[in-house]
Amino acid sequence: MTAMTTTTHTTPKAPAVLTPVEGTHQVRRRRRLAPGKRLPGTRLVGPAAVLVLWSVASAAGLLDTGAIPAPWTVLETGSRLWTAGTLPDDILTSLQRAATGFSIGLAVGILLALASGLTRTGEALIDGTVNLNRAIPTLGLIPLFILWLGIGETFKIAIIAIVVYIPIYLNTHAALSGIDSRFVELAEVQGLSKYQFIRQVVVPGALPGFFVGLRLGVTGSWLGLVVLEQINATSGLGYMMFQAQNYGQTDVILVGLVVYGVFGLISDSAVRLIERRVLSWRRTLSS
């Protein structure tokens, strides 16, 4: 009697195929975790809500008109100052100061960040010095800069440049230091030159941090300008507000604050727009 042997053949299982229903379910789950689709004009919702609350409170008599005038009073005062020609001159002067100081600070911040982030010698000489400067309140340097540069326009532009270059340097340098070393090894394997390495690896890697510093620098230039234009100035929005303080003109002070806020919002929005265009290759929550 011969023993019968049976062989069992096991067929390999087919890989699990994701059904359309399951795929749709996972995509929907991922989309639910994201903030959602970007809506146009959402950054104006907050300021519009503040304006509405201000108008309602003023119309209801809940605010002291001597301390906080109504929005229509501020608008009327701004129209009167614009017609008289004083407001356009003050705005132009403030824009020139802010633009000059910002340009200098931007150039200095970028150059110092590149020198410190790409060379060990530059890092040893620059990084500690900049962090020491950051620890010193910039507005506290005003008396010293007045003694050095006088009380004219030079010291105002210099202070604005310092306020601007520090955040640009810190964020750009941090982005450069945070570039993955594997990209450096890959560039060496590919035989990239120093210029190609900077253009293809360093610049794209540092751009996100640079734009963060740029936004902080733009905001800092306006904040510094508010203070500096109240020190021995004969024109500018800060000078206009300082003169209004002496005469108790709250509506004029609010006109200056509104103009500062509008310019700050416009400049920040412009930087964000440029950032989205330049960094369109990134896949982030905000995009």
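On a predicted model such as this, the values are computed, not experimentally measured, just so you know.

Draft legend 1. Region of interest: the overall build of the protein chain. A count of helices and strands for the protein chain gives eleven helices and zero strands. Per-residue burial over the protein chain gives 32% buried out of 287 residues. Across the protein chain, every contact between residues at least 6 apart in sequence was considered, and the portion connecting residues at least 24 apart equals 71%. Element-wise, carbon and sulfur atoms account for 65% of the exposed surface of the protein chain, whose accessible area totals about 18600 Å².

Draft legend 2. Here's a closer look at the confidence of the model for the protein chain. Here the protein chain shows a mean pLDDT of 84. Residues at 70 or above account for 84%. Predicted confidence is poor over residues 1-18, with pLDDT under 50, and the contacts of this stretch with residues over four places away or in other chains come to three contacts.

Draft legend 3. Expanded view of the nonpolar core. Judged by nonpolar contacts, the single largest core of 43 residues is most densely connected at Leu87, Phe145, Ile159, Phe211, Leu214 and Leu237. Those elements that place two or more of their residues in this core are helix H3 (71-84), helix H4 (86-118), helix H5 (120-135), helix H6 (142-149), helix H7 (153-177), helix H9 (194-228), helix H10 (237-246) and helix H11 (250-278). Core analysis: the second largest hydrophobic core is formed by eight residues, Ala187, Val201, Val202 and Ala206 among them.

Draft legend 4. Spotlight on the side chain of Asp268. Looking at the element boundaries, Asp268 is found in helix H11. Take Asp268: its relative accessible area is 8%, and that puts it in the buried class. Apart from the residues lying within four places of it in its own chain, the contact partners of Asp268 are Arg43, Arg215 and Val218.

Draft legend 5. Local environment of the packing of H3 against H11. Where H3 contacts H11, the two axes come as close as 9 Å, and the packing angle between them is 80°. Taken as axis vectors, H3 and H11 run roughly perpendicular relative to one another. When H3 is examined against H11, the residues Thr73, Val74, Thr77, Gly78, Arg80 and Leu81 are found in contact with a partner set consisting of Asp251, Val252, Leu254 and Val255. Considering only residue class, the contact of H3 with H11 consists of five nonpolar, three polar and two charged.

Draft legend 6. Up close: a nonpolar patch on the surface. Together, Leu144, Leu147, Trp148 and Leu149 line one region of the surface with nonpolar side chains, adding up to about 460 Å² of accessible area. Among the structural elements, Leu144 can be located in helix H6. Overall, Leu144 belongs to the partly exposed group, its relative accessible area being 36%.

Draft legend 7. Here's a closer look at the environment of Ala161. Position of Ala161 relative to the elements: it lies in helix H7. By relative accessible area, which is 9% here, Ala161 ends up buried. Here the alpha-carbon distance between Ala161 and Ala98, two residues 63 residues apart in the chain, equals 8.9 Å. Once you skip the residues sitting within four places of it in the chain, Ala161 turns out to touch Gly101, Ile104 and Gly105.

Each value, and the rule that gives it
Residues numbered from 1 in each chain as written. Predicted model: local features only at pLDDT ≥ 70, side-chain atom pairs only at ≥ 80, totals over all residues. Heavy atoms only, no water. Helix = DSSP H or I, 4+ residues; strand = E, 2+ residues; numbered from the N terminus. Buried < 20%, exposed > 50% of the residue type's maximum accessible area, 1.4 Å probe, protein only. Contact = heavy atoms within 4.5 Å. Areas by Shrake-Rupley, 256 points an atom, 1.4 Å probe, with all protein chains shown as cover. pLDDT = per-residue confidence, 0-100. Core = buried A, V, L, I, M, F, W, Y, C linked by side-chain atoms within 4.5 Å. Axes fitted to C-alpha atoms, helices over the stretch in contact; angles between N-to-C directions. Parallel < 35°, antiparallel > 145°, perpendicular 65-115°, else oblique. Nonpolar A, V, L, I, M, F, W, Y, C, P; charged D, E, K, R; others polar. Patch = residues over 30% accessible without salt bridge, like charges linked within 9 Å, V, L, I, M, F, W, Y side chains within 5 Å. Salt bridge = Lys/Arg side-chain N within 4 Å of Asp/Glu carboxyl O.

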